Amino acid sequence: MSMILSASVVRVRDGLPLSASTDYEQSTGMQEFRKYFKMLSKKLSQLPDRCTLKTGQYNINFISSLGVSYMMLCTENYPSVLAFCFLDELQKEFITTYNMMKTNTAVRPYCFIEFDNFIQRTKQRYNNTRSLSTKMNLADMQTEIKLRPPYQISVSELGSTNGFAHLSVVEYRGTGKISAAPHQRLEPVTLPGIVSFVLSLLCGALNLIRGFHAIESLLQNEGEDFSYVIAFFLGTAACLYQCYLFVYYTGWRNAKSFLTFGLICLCNMYVYELRNLWQLFFHVTVGAFSTLQIRLRHPQGKSPDYNV
């Protein structure tokens, strides 16, 4: 018998379950297949917005939008168009019912568990196809699926971390390639971090302007020292690189930030005659502050296991 068995609403960025079916079967087979929910919830940010995972007698379908993913487990013979219409209804109702700010700031698993009432009512309708009155939506979804079919995730594409897989590099129609090893994410940006980023950009801009002025002076006076131009442009590059280190994770990130700060200090020492003490103090202080913020913004740890 073709039917929908369970559904979940999951936050994309960290796999936090926001709501889920509470009446799914407790059989060993079902529990085994629900493990795929847990694995996929940790990989949502690496996947296209519409996917299907076929695992033998069951299929897992999901769609993602506005940082939230809607997942469902159904039997293998359940029509794909009905599955994605079901998910589309969940998505529309969830977006209408809940403020996206609340979903982004939620910290407790299943904090919107009352949404299961809607999941159950919708699941009953879609498990009784004779009662469906959404022929127009079905036709639209069927056309959309033909134009942009869901990406098919195969079990063979899964690696072997904790019994599951890392997704290999695959290509999705219309979205390009998905990297198997994306850049590690950093912790959320704080207000001091934003301030340091803006000040670093300001220092880089000031160095760039002084560098162009130094070039003009060099062209007008042949006796001018070209090394000042190099010092100002190196200072600009150092400030911009600090901004890059603050935003993106790289290897030896802390060591690179200290070396960049050292370069900022050396450049300002070299142009000592062209700046007053307050200007030098400002550039060095901003460099130190940015270095501190880079060090304080740690990479995010492993996504927590929310017992999905």
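Residues numbered from 1 in each chain as written. Predicted model: local features only at pLDDT ≥ 70, side-chain atom pairs only at ≥ 80, totals over all residues. Heavy atoms only, no water.

Some words on the environment of E114
Note that E114 resides in the loop between α3 (100–105) and α4 (116–127). Distance from E114 to A20, taken between C-alpha atoms, is 9.1 Å for residues 94 residues apart in sequence. Among the polar contacts made by the side chain of E114, one reaches the side chain of Y98 at a distance of 2.9 Å. (Helix = DSSP H or I, 4+ residues; strand = E, 2+ residues; numbered from the N terminus. Polar contact = N/O pair within 3.5 Å; in protein donor to acceptor, adjacent residues only side chain to side chain.)

Observations concerning the UniProt feature "transmembrane region" (unreviewed entry) in the protein chain
The sites that carry the UniProt feature "transmembrane region" (unreviewed entry) are, in the present numbering, residues 189–209, 229–248 and 255–272. Between the end C-alpha atoms of residues 189–209 there is a gap of 29 Å, over a span that is 90% helix and 0% strand. In residues 255–272, helix accounts for 89% and strand for 0%; the two terminal C-alpha atoms are 26 Å from one another. (UniProt positions renumbered as here; feature names shortened; annotations may be inferred.)

What about the confidence of the model for the protein chain?
If pLDDT is low for a region, its predicted coordinates should not be looked at in detail. Across the protein chain, the average pLDDT comes to 80, with 79% of residues at 70 or higher. Least confident of the elements in the protein chain is strand β8 (residues 176–178), whose mean pLDDT is 39; most confident is helix α9 (residues 277–296), at 93. Contacts for the low-pLDDT stretch residues 160–183, under 50 throughout, to residues beyond four places or in other chains number 52 contacts. The model gives residues 302–308 a pLDDT under 50, and that stretch makes 18 contacts with residues more than four places away or in other chains. (pLDDT = per-residue confidence, 0-100. Contact = heavy atoms within 4.5 Å.)

A closer look at the packing of aromatic side chains
In the structure shown here, the tally under the stated rule is 14 aromatic pairs. For the pair Y241 and Y244, a centre-to-centre distance of 5.9 Å together with 15° between the ring planes defines the contact as stacked. Linking Y241 with Y244, this pair stays in helix α7 (residues 227–247), spanning three residues, or about one helical turn. Every member of this aromatic cluster is reached through a ring pair, and the members are Y70, F94, Y98, F112, F115 and F118. One residue, R50, lies across the ring of F84, its end atom 5.8 Å from the ring centre. The ring of F246 has R297 sitting right over it, with the charged end atom 5.1 Å from the ring centre. (Phe/Tyr/Trp six-rings, centres within 6.5 Å; stacked < 30°, edge-to-face > 60°. Lys NZ or Arg CZ within 6 Å of the ring centre and 35° of its normal.)

Considering unusual backbone geometry
The residue L66 is not glycine, and still its phi comes out positive at about 55°. By the element assignment, L66 lies in the loop between β4 (58–65) and β5 (68–75). By relative accessible area, L66 is classed as exposed at 56%. The phi angle at W252 is positive, at roughly 55°, despite the residue not being glycine. Turning to its location among the elements, W252 is positioned in the loop between α7 and α8 (253–270). (Buried < 20%, exposed > 50% of the residue type's maximum accessible area, 1.4 Å probe, protein only.)

Describing the packing of α7 against α9
Their axes nearest at 9 Å, the elements α7 and α9 cross at an angle of 20°. Classified by the interaxial angle, the pair formed by α7 and α9 is roughly parallel. For the crossing formed where α7 meets α9, the hand is left-handed. For the pair α7 and α9, the contacting residues are Q242, L245 and F246 in the first and G287, S290, T291, Q293 and I294 in the second. Partitioning the contact of α7 with α9 into residue classes produces three nonpolar, five polar and no charged. (Axes fitted to C-alpha atoms, helices over the stretch in contact; angles between N-to-C directions. Parallel < 35°, antiparallel > 145°, perpendicular 65-115°, else oblique. Left-handed = near helix turned anticlockwise from the far one by under 90°. Nonpolar A, V, L, I, M, F, W, Y, C, P; charged D, E, K, R; others polar.)

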